[in-house]
Structures are given as C-alpha cells and as structure tokens.
Amino acid sequence: MNLSQTLFRLNVLSGGYKKTAEFCEKHHNTFYQKLYRIWIILQDIFIGIPRMFRYIHKMGCGNPTERPIKLAAVIIAKNESEYIAEWMAYHKVVGVEKVFLYDNDSDDNMHDILKPFIDDGFVEYHQIHGNKMQGVAYTDALHRYGKICKYMAFIDGDELIAPVKQGDNVVEILDDFFNKHPQAGGWAINWAMFGSSHYEEKPNGLMIESFIWRAEIGKPGTQMIKTVLRPECALMYHHPHYPIYRLRYDAYNHSGGIVSMNESYISKYAGLQINHYFTKSKGQWIRRRKMGQCMTGIDKPRPIDDFYRHDHNDVLDNSASVYVDEVKNVMNKYLTTNKI
C-alpha cells in the first residue's frame, strides 16, 4: 500500500472527500483549491486515524477461528420477492450460514416470503429507509456482526456466489485463498455477467435453471468486482463494491494482484465467481429498471440501452444450475406451499 492509498483511506474515514468536493464546487480558483486540499490532508490525519481506531475497537473482532459463523452474506434488498426465496436457498446450499438482510422500503410481499427463513434464524432482518443506502447498510452489518463472522460476502439480490469448479466447498476455497494471501483483507471477485438467455419474458422455473448463458470475460461488467472480506481487516464501506480497509491490508484478485478500487481485469475465473443476473429477460428488465441504481437512486432509472449493452449470451455456464435440485429441496422445506 502506497502513500496515496493511505491518504485516500484516511480521507474517506475523516469525511474529507465530501468537504473537498463541496469546497471546489463553490471556489473555482485552483490555488485556493490546492491550499484547501493541504488543509484537508491535515484533517484526514488527525481525524481519520483516531476514527480508524474507534472502528476497530467498536468491532472487537477478536480471533477469527473462534467466531461462530464461518460465512455470512450481507444484502440490501428492495422488492426482490420474485427470486428472494431462491437466493436464500441457493446460498444455504453453497455454505452460507447466516444472511443479514436490510429491507430498503420494499412494498411487495418480500417480507412474507422471507418469514420462514427469519423464523428459522437463517436471516437476520433489518429495515433501512431512504435512497442510496447500500454503503450505510454494509457498514452497519460490518460493525455490528463482523465480530461473529470469519468471512462476510457483500452482494445483491441478483448476485450469487458460485464455485468455478463444481463441488468445491466455498468456505474451503476462501480458507485456501486467504492462507495464500495473508495481507488480503478481502477477495475482489469478478462478476460473471449472465444475459437473458434469449428470453423475452420471465420463464418458468428457477432463475439458476433458466438463465445459463453469460458474457465472455472482457465484455461490459465483467471487470466489476464484489467483495468477500475478513471483517477484522475492513473499516467501512465507501463504495458498494469496495470497502475501506485497515492500513496494511488490501483487496486481492484470484491471481494475487492488488485491486485498488472496484474493477479488476482478469483473463479467466478461478476459485469463485459472482454470478450476476443483471438483465434476466427483456420484460423483467423493463419492469425493474425504473428502480434506478444503488449509486444514483430512484430518480435516475437505468436506460433501456443498458439491457442491450449487457445482454451477452456467449458462454454456457452451469456453475449455479448444478445446484437446482438441492435448491428446490431447500425451498420446499421452507416454503411448503410454494409451487416451483
């Protein structure tokens, strides 16, 4: 980690990046902007470092081997009733032991569908209100639950953690990765971008059995990462794809390269991938795009061109569909009235 990265992390921790942006909007003189940035750097050091230690003390992570939960998933969800039961069942099948779910003002029946998972203790349910709350939810989960989790995956309702090699155990893959890279605070895992599989409307059946074609690596979205981290190495979430790590720790990709922000250019998937069911069918995309993006909020819905830019169906990928029968069994156990 270089000086620039250190200052960036302290800048985020102190809140200096917001102050700088506000100052530069009001004052366009470059000399004054430079003077202000010098002042902010001093604030970053004297505010950011104490705040870092407060976060560490607040989390109180202790010994990772003594934490009761090996792998937890954190998700902020809004109106995800369409596939939320499948999402839960799938992650239970691949080894997630606990889900911390933040319901961001849903007005569908998502909570009713989740109730059996909540009652069973698999899901810890929270409500969170407002726009652009992903970073707030992620930070809350990290600070509140990091001390009881060895690993935490921060993913969305259209993203699944998938072993690249069928049958591999997710926790064992994580153990192996972090043993190889002791300075890795988190694993920056690339998106595998699944397209519509040429469906115009929502097909019958599970998401993982319907959408099985994805984009080749190098096409839009495949450079983006989501993170599975060791909570004792992270401080907060500044960007939905990328946390702020403690000093001396970084995000690594599967080949051991340091990932400095939310993009990592790789030539192949290895170990784990994040299956991102970004488009689903064209009809589903059109209905959901009005919800906007996590970074822009509801006032800026995604354009229809985003569908065509990401609807690539180049590679048959069964990394998730191999679990169809197991996922159905779990769903039938939890949702006895559910017809799959």
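Residues numbered from 1 in each chain as written. Predicted model: local features only at pLDDT ≥ 70, side-chain atom pairs only at ≥ 80, totals over all residues. Heavy atoms only, no water.

### Some points on the nonpolar core
- In this structure, Met88, Val99 and Leu101 are the most contacted members of the largest nonpolar core, which totals 65 residues.
- Sequence-distant contacts of methionine 88, defined by excluding residues within four places in its chain, comprise Val99, Leu101, Leu114, Phe117, Phe122 and Val123.
- Among the nonpolar cores identified, the runner-up in size contains 29 residues, and Phe100, Tyr138, Met152 and Tyr245 belong to it. (Core = buried A, V, L, I, M, F, W, Y, C linked by side-chain atoms within 4.5 Å. Buried < 20%, exposed > 50% of the residue type's maximum accessible area, 1.4 Å probe, protein only. Contact = heavy atoms within 4.5 Å.)

### Examining the packing of helix α4 (residues 84-94) against helix α11 (residues 324-334)
- With their axes 8 Å apart at the nearest point, α4 and α11 run at an angle of 115° to one another. With respect to the hand of their crossing, α4 and α11 are arranged in right-handed fashion. In this structure, α4 contributes Ala85, Glu86, Ala89, Tyr90, Lys92 and Val93 to the contact, and α11 contributes Glu326, Val327, Val330, Met331 and Tyr334.
- A per-class count over the contact of α4 with α11 returns eight nonpolar, no polar and three charged. (Axes fitted to C-alpha atoms, helices over the stretch in contact; angles between N-to-C directions. Helix = DSSP H or I, 4+ residues; strand = E, 2+ residues; numbered from the N terminus. Left-handed = near helix turned anticlockwise from the far one by under 90°. Nonpolar A, V, L, I, M, F, W, Y, C, P; charged D, E, K, R; others polar.)

### A word on a nonpolar patch on the surface
- A surface patch of nonpolar side chains, about 680 Å² in accessible area, is lined by Trp39, Ile41, Leu42, Ile45, Phe46, Ile49 and Phe53.
- Within the element layout of this structure, phenylalanine 53 appears in helix α3 (residues 30-59). (Patch = residues over 30% accessible without salt bridge, like charges linked within 9 Å, V, L, I, M, F, W, Y side chains within 5 Å. Areas by Shrake-Rupley, 256 points an atom, 1.4 Å probe, with all protein chains shown as cover. Salt bridge = Lys/Arg side-chain N within 4 Å of Asp/Glu carboxyl O.)

### What about the pairing of strand β3 (residues 123-127)?
- One ladder, built from five bridges, connects strand β2 (residues 98-103) with β3; its direction is parallel. Residue tyrosine 102 lies in a different strand from β3, and its bridge partner there is histidine 126.
- Following the chain from β2 across helix α5 (residues 110-119) to the adjacent parallel β3, one finds a crossover that is right-handed. (Pairing = 2+ DSSP bridges. Right-handed = clockwise from strand over helix to strand, strands pointing away.)

### Examining the side chain of asparagine 190
- Position of asparagine 190 among the secondary structure elements: in strand β6 (residues 184-194).
- Taking the relative accessible area as the measure of exposure, asparagine 190 reaches 3% and is therefore buried.
- From its side chain, asparagine 190 meets the backbone oxygen of threonine 222 in a polar contact 2.8 Å long.
- Residues within four places of asparagine 190 in sequence aside, it is in contact with Thr222, Gln223, Met224, Ile225, Ser264, Ile266, Tyr269, Gln273 and Ile274. (Polar contact = N/O pair within 3.5 Å; in protein donor to acceptor, adjacent residues only side chain to side chain.)

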